[in-house]
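Architecture and fold: a report
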Amino acid sequence: MPTVKKTVKKPAAKKAVVKKEAVKETGLKLSVYNLQGKVLEKITLPKEIFEAKINGALMTQAVRVYLANQRRGTLKTKSRGEVNISTRKIYRQKGTGRARHGAASAPIFVGGGIAFGPRPRDFSLKLSQNMRRAALFSALSSKLRNGEIKIVANLEKIEPKTQKMVDVIKKLELDGRNQSVLLVTPKENIQEVVKAARNIEGITILSANLLNTYQVLANNRILFMKNSLDNLKEAFLKS
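The structure displayed is predicted, hence computed values, not measured ones.

Time to look at the overall build of the protein. A tally of helices and strands in the protein yields seven helices and six strands. A burial count over the protein gives 37% of its 239 residues as buried. A separation of at least 24 residues holds for 68% of the contacts in the protein among residues at least 6 apart in sequence. Working note: accessible area of the protein is about 16800 Å², and carbon and sulfur atoms make up 51% of it.

As structure tokens, then:
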């Protein structure tokens with residue numbers, strides 16, 4: 001019988017798998033403008049602050065807490081025991097045909113006490129530090145996603161004149177109708193910038209370490225001074 005040769009298949013050589021090193025994203029790129037409205041450079045924003053998960057319910061809660069804490073709670077009216085009025089019996093007990101009254105301090109009389117009037121109270125509410133931080137990051141991320149954040153460099157060199165700041169706002173295209181701008185400055189307030197911007201309608205000045213959810217959401221646009229970004233990370237990012 002003819003012999004049949006068996007062909008043995010050699011195992012295929014394994015291809016070398018080259019593992020690609022994962023490149024971690026450290027943040028987002030955003031243009032930095034000069035005082036003439038031209039792009040100087042692009043900088044990387046921290047991802048933890050400007051690319052956070054947007055939580056509408058948490059932002060609403062943070063705004064409610066902020067507004068509640070602005071209430072002074074000092075309004076007070078005098079009760080019938082506190083008004084400065086005579087305590088004598090205003091007329092005799094019987095025989096007048098009128099209701100019995102003991103003093104003119106009753107709430108139904110002019111000059112008498114106020115019934116169920118407002119009293120001093122504490123309206124303040126509390127929000128944990130982590131919740132406040134998360135709400136702020138959510139608000140900033142929302143603003144960045146909508147293209148409502150700009151960064152300007154060398155603003156500290158501006159002359160302390162209102163017209164100079166008006167020119168900068170126009171060149172940065174932040175002077176639209178009914179436009180409100182939140183100007184975020186470094187922790188150490190720069191007097192020249194404050195003097196130049198404080199008389200312009202629609203501009204709110206706030207240092208980076210005092211930034212809060214309410215002010216971020218209450219303004220249409222946010223203008224960061226370049227130096228304020230370091231203060232923002234220092235104040236709100238955990239080490």
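Having seen the structure, we can now continue with the description.
Our focus in this paragraph is the packing of aromatic side chains. If you walk through the whole model with that rule in mind, you get two aromatic pairs. On the basis of an interplanar angle of 80° and a centroid distance of 6.1 Å, the ring pair of Phe50 and Phe224 is categorised as edge-to-face. Placement of Phe50 in helix α1 (residues 47-50) and of Phe224 in strand β6 (residues 221-225) is noted, with a sequence separation of 174 residues between them. Assigned by exposure class, Phe50 and Phe224 land together as buried. Ring plane angle 15° and centroid distance 4.8 Å describe the contact between Tyr66 and Tyr214, whose orientation is recorded as stacked. Placement of the pair is Tyr66 in helix α2 (residues 56-69) and Tyr214 in helix α6 (residues 213-218), with a sequence separation of 148 residues. Residue placement shows Arg71 over the ring face of Phe123; its charged tip is 3.7 Å from the ring centre. Over the ring of Tyr33 we find Lys150, and its NZ or CZ is 5.0 Å from the ring centre.

Below, the discussion takes up the side chain of Thr185. By the secondary structure assignment, Thr185 is in strand β4 (residues 181-185). Residue contacts for Thr185: discarding those within four places in its chain leaves Val193, Ile205, Leu206, Ser207, Ala208, Met225 and Ser228.

At a minimum axis separation of 9 Å, α2 and helix α3 (residues 129-145) run at an interaxial angle of 115°. The angle between α2 and α3 falls in the class roughly perpendicular. Crossing handedness for the pair α2 and α3: left-handed. Contacts between α2 and α3 pair Leu58, Met59, Gln61 and Ala62 from the former with Met131, Ala134, Ala135, Ser138 and Ala139 from the latter. Residues belonging to the contact of α2 with α3 are distributed by class as follows: seven nonpolar, two polar and no charged.

This part is about helix α7 (residues 228-236). Every buried residue of α7 is accounted for by Ser228, Leu229, Asn231, Leu232 and Phe236. Each buried residue of α7 sits inside an arc of 160° when the element is viewed along its axis, so together they form one side. Considering only its buried residues, α7 is in contact with β2 (39-46), α1, α3, β3 (149-152), β4 and β6.

Counting across every chain of the model gives eight salt bridges. With a closest N to O distance of 3.7 Å, Lys161 and Glu159 form a salt bridge. One salt-bridge network, in which partners are shared between bridges, spans Lys76, Glu82 and Arg119.

To continue, consider α3. Taking 1.5 Å as the rise per residue, α3 with 17 residues should run 24 Å; its terminal C-alpha atoms sit 24 Å apart, in good agreement. Among all positions in α3, only Arg133, Ala135, Leu136, Phe137, Ser138, Ala139, Leu140, Ser141, Ser142, Lys143 and Leu144 are buried. Within two residues after α3, Gly147 carries a phi angle of roughly 70°, on the positive side.

Right, let's talk about the pairing of β4 for a bit. Most of β4 sits out of view: five of its five residues are buried. Burial along β4 is two-sided: Val181, Leu183 and Thr185 and Leu182 and Val184, pointing in opposite directions, are all buried. Pairing geometry for β4 and strand β5 (residues 203-207), over five bridges, is parallel. In the sheet register, Val184 faces β5, and the bridge partner there is Leu206. In this sheet, β6 lies alongside β4 in parallel orientation, the contact comprising four bridges. Residue Leu182 lies in a different strand from β6, and its bridge partner there is Ile222.

With that out of the way, let us pick up unusual backbone geometry. Not every positive phi belongs to a glycine, and Phe116 is a case in point at roughly 55°. With phi around 60°, Glu173 is a residue other than glycine that occupies positive phi space. Examined against the element boundaries, Glu173 turns out to sit in the loop between α4 (162-171) and β4. On the basis of relative accessibility, which here comes to 60%, the residue Glu173 falls in the exposed class.

Definitions and cut-offs
Residues numbered from 1 in each chain as written. Predicted model: local features only at pLDDT ≥ 70, side-chain atom pairs only at ≥ 80, totals over all residues. Heavy atoms only, no water. Helix = DSSP H or I, 4+ residues; strand = E, 2+ residues; numbered from the N terminus. Buried < 20%, exposed > 50% of the residue type's maximum accessible area, 1.4 Å probe, protein only. Contact = heavy atoms within 4.5 Å. Areas by Shrake-Rupley, 256 points an atom, 1.4 Å probe, with all protein chains shown as cover. Phe/Tyr/Trp six-rings, centres within 6.5 Å; stacked < 30°, edge-to-face > 60°. Lys NZ or Arg CZ within 6 Å of the ring centre and 35° of its normal. Axes fitted to C-alpha atoms, helices over the stretch in contact; angles between N-to-C directions. Parallel < 35°, antiparallel > 145°, perpendicular 65-115°, else oblique. Left-handed = near helix turned anticlockwise from the far one by under 90°. Nonpolar A, V, L, I, M, F, W, Y, C, P; charged D, E, K, R; others polar. Arc of directions from axis to C-beta. Salt bridge = Lys/Arg side-chain N within 4 Å of Asp/Glu carboxyl O. Expected span 1.5 Å × (residues − 1). Pairing = 2+ DSSP bridges.

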